[in-house]
Amino acid sequence: MDNSRELLYNLSKLHTTELGVQRIKRNLKLGDIDVVDFCRKQLSSEDCTILRQGKNWYCSKEETVITVNAYSYTIITAHIKKTQL
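What you are looking at is a predicted structure, and each value in this text was computed from that prediction instead of being measured. (Residues numbered from 1 in each chain as written. Predicted model: local features only at pLDDT ≥ 70, side-chain atom pairs only at ≥ 80, totals over all residues. Heavy atoms only, no water.)

Draft legend 1. Here's a closer look at the nonpolar core. L7, L14, L43, W57, C59, V68 and I75 are the most contacted members of the largest nonpolar core, which has 19 residues in total. At the level of secondary structure, the elements contributing two or more residues to this core comprise α2 (18-28), α3 (35-44), β2 (56-61), β3 (64-69) and β4 (75-80). At 4 residues, α3 tops the list of elements feeding residues into this core. Excluding residues that lie within four positions of it along the chain, L7 makes contacts with L43, I50, W57, C59, V68 and Y73. (Core = buried A, V, L, I, M, F, W, Y, C linked by side-chain atoms within 4.5 Å. Buried < 20%, exposed > 50% of the residue type's maximum accessible area, 1.4 Å probe, protein only. Helix = DSSP H or I, 4+ residues; strand = E, 2+ residues; numbered from the N terminus. Contact = heavy atoms within 4.5 Å.)

Draft legend 2. Inspection of α3 at higher detail. Listed as buried for α3 are V35, V36, C39, Q42 and L43. Down the axis of α3, the sector holding all buried residues measures 125°, keeping them to one side. A distance of 3.0 Å separates the backbone nitrogen of V36 from a side-chain oxygen at the start of α3, and that oxygen is part of D34. (Arc of directions from axis to C-beta. Polar contact = N/O pair within 3.5 Å; in protein donor to acceptor, adjacent residues only side chain to side chain.)

Draft legend 3. Highlighting the environment of K41. Secondary-structure assignment places K41 in helix α3. The spacing of K41 and G20 is 21 residues in sequence and 17 Å in space, taken between C-alpha atoms.

Draft legend 4. The arrangement of the side chain of N69 in detail. Within the fold, N69 resides in strand β3. Of note is the side chain of N69, whose polar atom sits 2.8 Å from the backbone nitrogen of S72. Among residues more than four places away in sequence, those in contact with N69 are K55, N56, W57, T74 and I76.

Right, dumping it as structure tokens:
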């Protein structure tokens, strides 16, 4: 199974910590929403690119990058991509 399929197969295991929720909401300027559900929807989108590097998956969609630990399925952080000048 390739890495992206492995992550998509295990989306039900996706979770984060309370600090992770606060960090993701702050970084993505999200209101009062379910952060894990938001990330699941982003990851399962057809235009999301998933790349595994070492112990993490980096999931890129439009201007957002979500970092997920490959072993525990913990969403570590999410941020808006820096624009190139």
